[in-house]
Amino acid sequence: IDWFELRGHFDFGGVRADLPRLLAALRQHEATIVLDDGSLGVLPAAWLEQYGALAEMGKVTGDHLRFQRSQAMVLDALLAAQPAACCDEAFRRLREELRAFEAIAPGAAPAGFRGQLRGYQCEGLGWLHFLQRFGFGGCLADDMGLGKTVQVLALLETRRTQPAQPGGAPAPRGPALVVAPRS
């Protein structure tokens, strides 16, 4: 699973309205919503301001919104403003890692790597490690001849030689590289 689901509801004087319905009203720039009992719920201007971007980002799936893993920081900011919100263990760990993150450190070529990385290539490798750590996608692109291939080979060697995870589970593998000519 490479996404997060957000479930929620709002209470209008004892009558609930689920999050996707409220966000649909936001997308249509409506200030009210018809509640289950037929009455109207007024969406406060502050709420419209705070959650307007959320309405555009998530994909409505049934009674919840689905967000890409790369949107985790936005969800974290939203949940930080909601003290009653709760989350599962996987998202809680990701939130802690994001909060503890300070900077992208240059990466070193792994032991046994046959090649030499220049300083800027070590910085690129560090960026690739950052993307891998948080499960984000990325694109390594620059001018021809600056060593993208050697950076990717160093990343793949690092992945190949990663030690087992706690409990003895093998390090995650998976797709590693897509080669596509510029033309």
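Positions within a chain are numbered from 1, following the residues in the order the chain's sequence is written. This being a predicted model, a pLDDT of at least 70 is required before a residue's local features are given, and a value of 80 or more before pairs of side-chain atoms are given or counted; all residues contribute to the totals for chains, interfaces and linings. Working from all heavy atoms in the structure, the side-chain values ignore hydrogens and water.

Novice: Hey, could you run me through the layout of surface pockets in this one?
Specialist: One simple way to see leftover space: roll a probe sized like a water molecule over the atoms. Counted as a void, the second largest pocket has a volume near 930 Å³. Only protein atoms enter the 1 Å grid, on which a cavity is a set of points fitting a 1.4 Å probe that cannot get out and a pocket is an open set with protein on both sides within 12 Å along at least 5 of 7 lines, lining residues being those with an atom within 4 Å of a point. Every residue lining the second largest pocket is counted, 31 residues in all, and those nearest its centre are Phe4, Glu5, Leu79, Cys87 and Phe91. Only DSSP runs of H or I reaching four residues or more are called helices, and only runs of E reaching two or more are called strands; each is numbered from the N terminus. If you list the elements that add at least two residues to the lining of the second largest pocket, you get strand E1 (3-6), strand E2 (9-12), helix H2 (45-57), helix H3 (72-80) and helix H4 (89-100). Grid points are joined across faces, edges and corners, and a volume is the space filled by probe spheres set on the points.

Novice: Is there a simple way to think about H3 in this case?
Specialist: Of the positions making up H3, those classed as buried are Ala72, Leu75, Asp76, Leu78 and Leu79. The arc that holds the buried residues of H3, viewed along the axis, is 165 degrees, so those residues lie on one side. Exposed residues lying more than 90 degrees from the buried face of H3 are Ala77 and Ala80. In this scheme, a residue with accessible area under 20% of its type's maximum is buried, one over 50% is exposed, and one in between is partly exposed, where area comes from a 1.4 Å probe on protein chains only. Arc definition: directions from the helix axis to the C-beta atoms.

Novice: Help me out: how do you make sense of the pattern of salt bridges in this one?
Specialist: Side chains carrying opposite charge are able to pair once their charged atoms draw close together. Every case where a carboxyl oxygen of Asp or Glu lies within 4 Å of a side-chain nitrogen of Lys or Arg is listed as a salt bridge. With the rule as written, the count across this model stands at nine salt bridges. Across the salt bridge formed by Arg66 and Glu5, the nearest N and O atoms sit 3.5 Å from each other. Of this pair, Arg66 sits in strand E7 (residues 64-68) while Glu5 is found in strand E1, placing the two residues 61 residues apart along the sequence. Salt-bridge contacts for Glu89 lead to Arg93; the nearest nitrogen and oxygen are separated by 3.7 Å. With Glu89 and Arg93 both in helix H4, this residue pair falls four residues apart, about one helical turn. Looking at Arg93, the relative accessible area reads 44%, which means it is partly exposed. Where salt bridges share partners, they join Glu89, Arg92, Arg93 and Glu96 into one cluster.

Novice: What's the story with the environment of Gly147 in this structure? I'm lost.
Specialist: Among the secondary structure elements, Gly147 is positioned in the loop between helix H5 (119-134) and helix H6 (148-160). Overall, the relative accessible area of 19% leaves Gly147 in the buried class. Along the sequence, Gly147 and Gln121 sit 26 residues apart, while their C-alpha atoms lie 7.0 Å from each other.

Novice: Help me out: how do you make sense of the nonpolar core in this one?
Specialist: Most often, soluble globular proteins keep nonpolar side chains buried together rather than apart. Among buried residues, those of type Ala, Val, Leu, Ile, Met, Phe, Trp, Tyr and Cys that are joined through side-chain atoms within 4.5 Å constitute a nonpolar core. Counting 37 residues, the largest nonpolar core has Leu6 and Leu54 as its most contacted members. With six residues, the top contributor of residues to this core is H5.

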